[in-house]
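Structural overview
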2 protein chains.
Amino acid sequence: MLEERIRRDGVIREGNVLKVDSFLNHQMDIRLFEEIGREFARLYKDSKVNKILTIEASGIGIACMTAAQFGCPVIFAKKSKTSNLADDLYTARIKSFTHNNEVDIVVSKDYLGPGDNVLIIDDFLAMGEALNGLIAIVEASGASLVGAGIVIEKAFQPGGDLIRSRGIRVESLARIKSMSVEGGIEFC
Amino acid sequence: MLEERIRRDGVIREGNVLKVDSFLNHQMDIRLFEEIGREFARLYKDSKVNKILTIEASGIGIACMTAAQFGCPVIFAKKSKTSNLADDLYTARIKSFTHNNEVDIVVSKDYLGPGDNVLIIDDFLAMGEALNGLIAIVEASGASLVGAGIVIEKAFQPGGDLIRSRGIRVESLARIKSMSVEGGIEFC
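For every chain, the first residue of the written sequence is number 1, and numbering continues from 1 onward in sequence order. Each chain is given a letter, starting from A, and each ligand a number, starting from 1, according to the order in which they appear as written. Owing to the predicted nature of the model, reporting of local features is limited to residues with pLDDT of at least 70; listing and counting of side-chain atom pairs is limited to 80 or more, with chain, interface and lining totals taken over all residues. Processing note: side-chain calculations cover all non-hydrogen atoms of the structure and skip hydrogens and water entirely.

**A closer look at the nonpolar core**
The definition of a nonpolar core used throughout is a set of buried Ala, Val, Leu, Ile, Met, Phe, Trp, Tyr and Cys residues joined through side-chain atoms within 4.5 Å. In this scheme, a residue with accessible area under 20% of its type's maximum is buried, one over 50% is exposed, and one in between is partly exposed, where area comes from a 1.4 Å probe on protein chains only. Formed by 74 residues in total, the largest nonpolar core has its most connected members in Ile-6, Leu-18 and Ile-52 of chain A together with Ile-6, Leu-18 and Ile-52 of chain B. In this description, contact between two residues means that some pair of their heavy atoms is separated by no more than 4.5 Å. Beyond its immediate stretch of four places on either side in the chain, Ile-6 of chain B contacts Leu-18, Phe-23, Ile-152, Ala-174, Ile-185 and Phe-187 of chain B.

Okay, structure coming up:
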């Protein structure tokens, strides 16, 4: 269903850009998000998830609909332009290839710690910058990382497989093998 | 329930700052958000809401849980640092008193237009800057504005009443009459 939707409503632009603004990250199709949340809940049903971690802004909606299935809270990492080294924050620096800059992402130490079983949720996985930053924050907190749930993975970019090779579970609902303006999208 | 939660878990800081990071805008209590969504759905049940508009980042979770009740999509306005005057965007400039700067908020023209009945959702209302910006975008689109649903209104600041005086329906679930570090919170 998701693959069909990506094929139908996704717009491919030069430079491996896939625009899914119409249903995923500007306008958000909540009925689709509910299906996505149910699927992540099915995949991680035995993992005792008690916290979901995501990153602002476009991960929040999917994270919330997934959390509704688990009955657990969501924490969203905030992007900070200022160098934010407060004692009460976990931080990680990530590179944005979309915006060609670096940002620090921060999570309050109050909300993650040993004893938590954390599922990371995000809309996209390509180079893995955001996901690596979120993983670093979970590790710094002493919480257990259950794995990650990703809506769309650009599997032709190395992020996902590099993270899997470290023994981390990454479940992507749609994995794009290749895409081009002329040829459209091929899924794995 | 919400007022009790604000009293219990809200932290008051100098300068009329109310921190509700633990359940509303950093960690998000999804069970509470579901209750909030049901309440907004009850308040606006006769309004034929078919689109919910919010603004990144902390409005998104509440907007999604409300949209799940209406079965409609959410659109979130994006904050843009660059002066973004593309033909395909509705824009409004808003002042942030928290960050002491101005940002443009943008919504694609593809997702709002005549025939839409729009409910605006946000976590906070104080001076009304964000809400006024979202209202301006709805008006520019030709859509009908059903009203706004706000979780916490600082009713001692003028934003809400100024907007109501223009005939716009604003429903705030918790209205703070006064707050201080010493005296705590008094609700309307």
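**Description of the environment of Cys-64 of chain B**
Secondary structure elements are defined from DSSP: runs of H or I of at least 4 residues count as helices, runs of E of at least 2 residues count as strands, and each element is numbered from the N terminus. By the element assignment, Cys-64 of chain B lies in helix 4 (residues 60-70). Remark: the alpha-carbon pair of Cys-64 of chain B and Glu-14 of chain B, spanning 50 residues in sequence, is separated by 32 Å. In contact with Cys-64 of chain B, other than residues within four places in its own chain, are Met-28, Ile-30, Gly-61 and Met-65 of chain A together with Val-74 of chain B.

**Focus on unusual backbone geometry**
Cis geometry is adopted by the peptide bond preceding Ala-57 of chain A, which originates at Glu-56 of chain A and carries an omega value of -5 degrees. Tracing the chain through its elements places Ala-57 of chain A in the loop between strand 4 (51-55) and helix 4 (60-70).

**Description of the relation of the copies chain B and chain A**
Only residues with pLDDT of at least 70 in both copies count here: their C-alpha atoms drive the least-squares fit that superposes the copies. The transformation that overlays chain B on chain A combines an axial shift of 0.0 Å with a rotation of 180 degrees, and the residual RMSD is 0.0 Å. A rotation of that kind, with that shift, is consistent with a two-fold axis. A share of 100% of interface residues in chain B that are also interface residues in chain A marks the association as one of identical surfaces.

**Observations concerning the interface of chain B and chain A**
Interfaces are frequently sized by the accessible area removed from exposure as the parts join. In this assembly, 30 residues from chain B lie in contact with 30 residues from chain A. Values labelled buried area give the accessible surface lost by two parts on being combined, using a 1.4 Å probe and summing over both. Carbon and sulfur atoms make up 66% of the surface buried where chain B meets chain A, a total of about 2,500 Å² over both sides. On the chain B side of the interface with chain A, the three residues burying the most area are His-26, Gln-27 and Tyr-111 of chain B, jointly 27% of the side's total. Counted as salt bridges are all cases of a side-chain nitrogen of Lys or Arg within 4 Å of a carboxyl oxygen of Asp or Glu. Across the chain B-chain A interface, the total number found is zero salt bridges. Polar contacts here mean pairs of N or O atoms no more than 3.5 Å apart (in protein, one a potential hydrogen donor and the other a potential acceptor; neighbouring residues in sequence count only if both atoms are side-chain atoms). Counting across the chain B and chain A interface gives twelve residue pairs in polar contact (both at pLDDT 80 or more). Of the residues forming the side of chain B that touches chain A, the biggest block, six residues, is contributed by helix 4 of chain B. Side-chain classes are defined by residue name, with Ala, Val, Leu, Ile, Met, Phe, Trp, Tyr, Cys and Pro counting as nonpolar, Asp, Glu, Lys and Arg as charged, and the others, Gly among them, as polar. The class makeup of the residues in the side of chain B that touches chain A is 16 nonpolar, eight polar and six charged. For two strands to be treated as a pair, DSSP must find at least two bridges joining them. For strand 3 (residues 27-28) of chain A and strand 5 (residues 74-80) of chain B, the ladder comprises two bridges, and the chain directions are antiparallel. Counted as the bridge partner of Met-28 of chain A is Val-74 of chain B from strand 5 of chain B.

**As for the layout of surface pockets**
Residue and element names in this part refer to chain A. A cavity here means a set of 1 Å grid points, computed over protein atoms only, where a 1.4 Å probe fits but cannot escape. A pocket is an open set with protein on both sides within 12 Å along at least 5 of 7 lines, and lining residues have an atom within 4 Å of a point. Grid points are joined across faces, edges and corners, and a volume is the space filled by probe spheres set on the points. Estimates place the volume of the second largest pocket at around 150 Å³. Forming the walls of the second largest pocket are Met-1, Leu-2, Glu-3, Leu-32, Glu-35, Ile-36, Glu-39, Leu-43 and Leu-173. Of all elements in the fold, only helix 1 (2-9) and helix 3 (30-43) reach the threshold of two or more residues within the lining of the second largest pocket. Take the lining of the second largest pocket: its biggest share by element is five residues, from helix 3.

**With respect to the packing of aromatic side chains**
A pair of aromatic rings is counted whenever rings of Phe, Tyr or Trp (Trp by its six-membered ring) have centres within 6.5 Å, and the orientation is called stacked for planes under 30 degrees apart, edge-to-face for over 60 and tilted otherwise. In this structure the tally under the stated criterion is zero aromatic pairs over all chains. In this arrangement the basic side chain of Arg-169 of chain A is found over the ring face of Tyr-44 of chain A, its NZ or CZ atom lying 4.2 Å from the centre. When the NZ atom of lysine or the CZ atom of arginine is within 6 Å of a ring's centre and also within 35 degrees of its normal, the charge is said to sit over that ring.

**Comments concerning the pattern of salt bridges**
As enumerated under the stated definition, the model contains 32 salt bridges over all chains in all. Residues Glu-35 of chain B and Arg-38 of chain B are paired through a salt bridge, measuring 2.8 Å at the closest nitrogen-oxygen approach. Taken together, the positions of Glu-35 of chain B and Arg-38 of chain B, both in helix 3 (residues 30-43) and three residues apart, correspond to about one turn of that helix. Ionic pairing is found between Lys-51 of chain B and Asp-116 of chain B, a salt bridge with its closest N-O pair at 3.1 Å. In this pair, Lys-51 of chain B sits in strand 4 (residues 51-55) while Asp-116 of chain B sits in the loop between strand 7 (101-108) and strand 8 (117-125), placing the two residues 65 residues apart along the sequence. Residue classification places Asp-116 of chain B among the buried positions, given a relative accessible area of 10%. Linked through salt bridges whose partners overlap, the residues forming this network are Arg-5, Arg-8, Asp-9 and Asp-29 of chain A.

**Describing helix 1 (residues 2-9) of chain B**
Residues and elements named next belong to chain B. Here helix 1 has its buried residues at Leu-2, Arg-5 and Ile-6. The buried residues of helix 1 occupy an angular sector of 100 degrees when projected down its axis, which confines them to one face. Turned more than 90 degrees from where helix 1 packs its buried face, Glu-4, Arg-7 and Arg-8 sit exposed. In this structure, the buried residues of helix 1 make contact with strand 2 (17-19), helix 2 (21-25), helix 3, strand 9 (144-154), strand 10 (170-180) and strand 11 (184-187). Throughout, the arc means the angular range of directions from the helix axis out to the C-beta atoms.

**Structural notes on the packing of helix 4 of chain A against helix 4 of chain B**
Under this scheme, a helix contributes an axis fitted over its contacting stretch, all axes are lines through C-alpha atoms, and angles between N-to-C directions fall in the 0 to 180 degree range. For the pair helix 4 of chain A and helix 4 of chain B, interaxial distance at closest approach is 9 Å and the crossing angle is 55 degrees. Viewed along their axes, helix 4 of chain A and helix 4 of chain B adopt a mutual orientation that is oblique. Where helix 4 of chain A crosses over helix 4 of chain B, the two elements pack in a sense that is right-handed. Contacts from Ile-60, Gly-61, Cys-64, Met-65 and Ala-68 of chain A of helix 4 of chain A reach helix 4 of chain B at Ile-60, Gly-61, Cys-64, Met-65 and Ala-68 of chain B. Partitioning the contact of helix 4 of chain A with helix 4 of chain B into residue classes produces eight nonpolar, two polar and no charged. Orientation is classified from the angle alone, with under 35 degrees giving roughly parallel, over 145 giving roughly antiparallel, 65 to 115 giving roughly perpendicular, and any other angle giving oblique. Crossing handedness is read from the near helix: turned anticlockwise from the far helix by less than a right angle, it gives a left-handed crossing, and turned clockwise, a right-handed one.

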